[in-house]
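As a plain string of letters, each chain reads:
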Amino acid sequence: MNTVRLTTAQALVRFLANQYSERDGQEQRLVPGVWGIFGHGNVAGIGQALLQAATTGEADLPYYLARNEQGMVHASVAYAKMRDRLATFACTASTGPGSTNMITGAALATTNRIPVLLLPSDMFATRAADPVLQQLEDTRGGDVTVNDAFRAVSKYFDRISRPEQLIPAALAAMRVLTDPVETGAVTLALPQDVQAEAHDWPLSFFRRRVWHVGRPVPEPAAVERAARLLRGARKPLIVAGGGAVYSGAETALRAFAEATGIPVADTHAGKGAVPWDHPCAVGGIGSTGSYAANELAREADVVLGIGTRYSDFTTASHTVFANPDVTFVNLNVARLDAVKHSAEPLVADARLGIQTLAGALTDWEVEESYRDRTRHLISRTREIEDRCFTIGHGPLPAQTEILGALNSVLDDRAVVINAAGSMPGDLQQLWRARDPKAYHVEYAYSCMGYEVAAGVGAKMADPSREVVVLVGDGSYLMMAQEIVTMVSEGLKVIIVLVQNHGFASIGALSESLGSQRFGTKYRYRDGDSGRLDGDVLPVDLAANASSLGADVLHATTVDEFGAAMAKAKAATRTTVVHVETDLYDPNPPGHGWWDVPVSEVSVLGTTQAAYETYAAHKQTQRHYL
């Protein structure tokens with residue numbers, strides 16, 4: 001057997017540089033580069049291997065320096081999301097805190113079912129130096145390290161304790177990364193001594209490999225059963241999730257909706273699969289859904305879920321599908337999701353499944369009265385949205401007005417990124433996406449701090465698009481460091497920084513639950529009450545962004561914001577548009593419910609009243625059996 005002598009780290013770098021994914025005849029690099037921050041656990045292992053590859057040209061695997069380990073995982077996830085899960089980055093970190101900083105990112109990736117390859121450094125496999133710096137000494141066993149925490153949030157985990165173990169582990173890692181059903185965070189823990197240990201590797205390990213991402217074909221009998229249920233429906237509704245986007249099913253879905261007349265609601269991950277102004281598009285569904293989508297959901301007798309995992313926000317905590325006889329048909333590549341809500345499962349690729357269903361329903365469509373009902377609800381929804389955009393709130397503008405202005409200045413291909421706070425709810429109701437990649441809201445894990453880092457990954461995935469990071473002050477303060485990465489990599493990203501001096505979303509939720517916005521405002525501690533409800537803190541986030549290397553523009557009104565956005569679009573560097581909004585501004589009207597338990601007993605009148613409301617909502621909650 002022909003072999004080459006390399007360290008484990010050098011072998012891994014060479015292996016990753018030769019991995020490709022393919023779908024529909026289009027090949028691309030599966031792992032186009034490595035994000036990292038070096039420390040004593042990886043600087044002489046993966047770090048040396050990346051340097052050697054760049055110096056000698058023996059492997060094409062560029063290195064990108066992040067400023068926070070969690071941030072580099074978020075950037076990788078955003079990149080993979082923009083690339084329909086067909087490409088992602090590897091992330092290397094040092095032992096101890098460097099590696100455990102990636103755990104939140106791993107949980108986000110797995111919850112969202114987005115591939116990312118994590119390479120946390122580990123303790124000495126030989127235990128020659130024991131305990132080493134940053135080592136956890138666990139009395140339950142000598143082989144336990146902090147990296148075992150990755151097991152719970154990874155779709156695949158392995159620890160490479162001997163160089164030769166890399167071969168099966170690396171191949172297994174690629175299998176999971178390219179499997180639409182199993183994908184998520186893949187973790188290969190790399191003891192620092194093993195990274196630097198040499199081994200004679202078979203040259204065949206480094207050959208060019210293409211991992212084919214297939215399109216599972218629906219079973220004919222399952223199609224027949226699904227079609228039978230849809231033919232019997234009088235008020236069907238489609239719920240389009242992320243699977244409709246990742247499979248590239250947009251064209252098929254629009255054609256199916258037009259032919260059958262079935263209205264299409266969308267989840268956060270599915271928004272844009274059908275353009276907002278399509279006659280069958282009824283907007284976001286669930287806890288923060290639109291008026292049209294939620295009204296149709298309450299009446300629906302058959303729900304066709306396409307590529308959705310049915311989170312509690314999608315179902316409004318099992319209340320929005322209110323028809324007592326509602327049944328579900330779930331088209332999903334993952335059987336886990338296809339069988340949810342006692343559904344008739346159609347396990348298949350979303351695009352092929354839609355096309356096959358369309359063929360089985362060529363002579364069927366909804367009644368004209370139902371089309372009329374859909375048109376009426378859409379018209380009413382547009383009125384609600386327009387009022388939110390032009391509410392004329394003062395003296396500070398409402399957040400919904402800023403969203404309206406932003407919507408009007410961006411083109412159809414611009415990518416808007418968000419993840420947490422009050423904005424996802426406002427965006428699900430109000431954002432008018434016409435492109436499946438234009439709406440990039442991470443709402444499976446809803447991770448504060450995702451936004452800025454995700455802007456890096458999204459821009460790298462498609463430099464031709466304008467990328468706009470929409471972030472509140474709370475999420476900005478969690479993780480803004482990757483602005484430095486944007487600047488160092490020469491990436492032009494627009495960051496809209498909405499400053500309202502507190503947690504707007506949780507503050508409003510707290511108030512609705514009888515907790516009086518306790519602990520949700522950025523304030524001095526009051527000397528009399530002892531609470532954090534004194535004067536506003538003198539925080540200048542715009543100055544912070546400027547210190548990180550971004551250009552900064554200020555806006556205090558909606559008109560000023562529009563003018564600032566025009567300048568930001570014309571800029572060639574990362575630009576932050578700072579705008580203050582009212583912490584107590586009106587949210588879009590609510591059309592759904594979210595189950596957040598309220599204290600059953602309390603001496604506070606506000607909590608008592610909130611519990612009565614909560615108990616009433618609980619009466620409408622159900623299992624879909």
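Residues numbered from 1 in each chain as written. Predicted model: local features only at pLDDT ≥ 70, side-chain atom pairs only at ≥ 80, totals over all residues. Heavy atoms only, no water.

*Asks:* Help me out: how do you make sense of the environment of A420 in this one?
*Replies:* The topology assignment puts A420 in the loop between β18 (415-418) and α17 (423-430). Taking the C-alpha atoms as reference points, A420 and Q481, 61 residues apart in sequence, are found 17 Å from one another. Setting aside residues up to four positions removed in sequence, A420 forms contacts with S446, C447, M448 and E451. (Helix = DSSP H or I, 4+ residues; strand = E, 2+ residues; numbered from the N terminus. Contact = heavy atoms within 4.5 Å.)

*Asks:* When you look at the sheet that holds strand β2 (residues 19-23) in this model, what are you seeing that I'm missing?
*Replies:* The strands making up a sheet associate through backbone hydrogen bonding, with each pair oriented either parallel or antiparallel. Pairing in this open sheet of three strands is mixed, and the strands run β3-β2-β11 from one edge to the other. Taken across any chain shown, the strands that pair with only one partner, and hence form the sheet edges, are β3 (26-29) and β11 (209-212). Averaged over all adjacent pairs, the angle separating strand axes in this sheet is 30°, with direction ignored. Bridge count between β2 and β11: four bridges; the pairing is parallel. (Pairing = 2+ DSSP bridges. Axes fitted to C-alpha atoms, helices over the stretch in contact; angles between N-to-C directions.)

*Asks:* What exactly am I supposed to notice about the state of the cysteines here?
*Replies:* Simply put, disulfide is the name for a covalent bond between the sulfur atoms of two cysteines. This model, assessed by the stated rule, comprises zero disulfides. With no disulfide of its own, C91 lies closest to C447 among cysteine sulfurs, the gap being 14 Å. Among the residues examined, C91 registers a relative accessible area of 0% and is labelled buried. With relative accessibility at 6%, the residue C447 sits in the buried group. (Disulfide = S-S within 2.5 Å. Buried < 20%, exposed > 50% of the residue type's maximum accessible area, 1.4 Å probe, protein only.)

*Asks:* In this structure, what is going on with the side chain of T260? I would like to understand it.
*Replies:* As for its position among the elements, T260 is in helix α10 (residues 250-260). Within the local environment of T260, its side chain forms a polar contact with the backbone nitrogen of I262, the two atoms lying 3.3 Å apart. The residues contacting T260, other than those within four sequence positions of it, are W364, E365, V366 and R371. (Polar contact = N/O pair within 3.5 Å; in protein donor to acceptor, adjacent residues only side chain to side chain.)

*Asks:* I keep staring at helix α16 (residues 399-409) and nothing clicks. Help me out?
*Replies:* For the α-helix, the turn length of 3.6 residues means that residues three or four positions removed from each other point alike. Counting buried residues in α16 gives nine out of eleven residues, a clear majority hidden from the surface. Q399, T400, E401, I402, L403, G404, A405, L406 and N407 are the residues of α16 that are buried. The inward-facing, buried residues of α16 abut α15 (368-389), α17, β20 (467-472), β21 (494-499), α23 (558-570) and β23 (575-580).

Shape is all these values report; function is a separate question.
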